[in-house]
Amino acid sequence: MIEITFFEHQQSEGTTITAKPGTSLMKAALAGGIEGIAADCGGTLTCATCHVMVREPWLSQLPTAKEDERGMLEFAACRPQANSRLACQIELTPALNGMQVDLPQSQY
Ligand code: FES
């Protein structure tokens, strides 16, 4: 299992969940009851309500965001940061175990 900790906007204490490798970060968040992920489109890359900011060193472990993910991030409710990603496009791998992710102030 892979552990991921989500931090609500400007909170120092996070919520840790576990998920199986191969699951998307978005699906793991929903299954784990992380309220800061809306995921309105269900992972079809048409909503940007699964916006997250991935902390290092895990960000560097991720494949580079594809053009359509980068384009959709421009529609996120909160301005994208350099480490912004869409959680539905992140597949959890053992290398991401322990990952820490910040949630934006809002997804709308
Ligand atoms: Fe809609 Fe990720 S869930 S873009």
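Residues numbered from 1 in each chain as written. Predicted model: local features only at pLDDT ≥ 70, side-chain atom pairs only at ≥ 80, totals over all residues. Heavy atoms only, no water.

Undergrad: Looking at this structure, how should I read the environment of methionine 99?
TA: Within the element layout of this structure, methionine 99 appears in strand 5 (residues 99-102). Overall, the relative accessible area of 0% leaves methionine 99 in the buried class. Between the alpha carbons of methionine 99 and histidine 9 there is a distance of 16 Å; along the sequence they are 90 residues apart. Those residues in contact with methionine 99, other than ones at most four positions away along the chain, are Glu3, Ile4, Thr5, Leu25, Val54, Trp58 and Leu92. (Helix = DSSP H or I, 4+ residues; strand = E, 2+ residues; numbered from the N terminus. Buried < 20%, exposed > 50% of the residue type's maximum accessible area, 1.4 Å probe, protein only. Contact = heavy atoms within 4.5 Å.)

Undergrad: Please explain the pattern of salt bridges as it appears in this structure.
TA: Where charged atoms from two side chains of opposite charge approach closely, those side chains can pair. The tally for this structure, following the rule as stated, stands at two salt bridges. The partner of aspartate 102 in a salt bridge is arginine 55, and the shortest N-O contact between them spans 2.9 Å. With a gap of 47 residues between them, aspartate 102 in strand 5 and arginine 55 in the loop between strand 3 (51-54) and helix 2 (67-73) connect regions that are remote in the sequence. Across the pair arginine 85 and glutamate 69 runs a salt bridge, and its minimum N-O distance is 2.9 Å. (Salt bridge = Lys/Arg side-chain N within 4 Å of Asp/Glu carboxyl O.)

Undergrad: For this particular structure, what's the right way to read unusual backbone geometry?
TA: What you tend to see is this: most non-glycine residues have negative phi, and most peptide bonds are trans. Here the bond from glutamate 56 into proline 57 is cis, since omega is 10°, no more than 30 degrees from zero. When you line up the elements, proline 57 lands in the loop between strand 3 and helix 2. A positive phi is found at glutamine 10, a non-glycine position, where the angle reads about 60°. We note that leucine 45 has phi near 60°; this positive angle belongs to a residue other than glycine. Structurally, the position occupied by leucine 45 is in the loop between helix 1 (25-31) and strand 3.

Undergrad: I'm lost on the nonpolar core in this one. Help?
TA: In summary, soluble globular proteins display a tendency toward joint burial of nonpolar side chains. Core analysis: the biggest nonpolar cluster contains 32 residues, and Ile4, Phe6, Leu25, Ile37, Leu92 and Met99 have the highest contact counts within it. Counting residues per element, the ones that place at least two in this core are strand 1 (2-7), strand 2 (15-19), helix 1, strand 3, helix 2 and strand 5. (Core = buried A, V, L, I, M, F, W, Y, C linked by side-chain atoms within 4.5 Å.)

Undergrad: I keep staring at the layout of surface pockets and nothing clicks. Help me out?
TA: The space that makes up the largest pocket amounts to roughly 260 Å³. Around the largest pocket sit 15 residues that line it, and Pro63, Arg85, Gln89, Ile90 and Glu91 are the ones nearest its centre. (1 Å grid on protein atoms, 1.4 Å probe; cavity = no way out; pocket = protein on both sides within 12 Å on 5 of 7 lines; lining within 4 Å. Points joined across faces, edges and corners; volume = space filled by probe spheres on them.)

Undergrad: Explain the sheet that holds strand 3 to me, please; I cannot follow it from the model alone.
TA: Read from one edge of the open sheet, five strands run 2-1-5-3-4, paired in mixed fashion. Each having just a single partner strand, strand 2 and strand 4 (84-86) make up the two edges of the open sheet. Across the sheet, the mean angle from the axis of one strand to that of its neighbour is 40°, orientation sign disregarded. (Pairing = 2+ DSSP bridges. Axes fitted to C-alpha atoms, helices over the stretch in contact; angles between N-to-C directions.)

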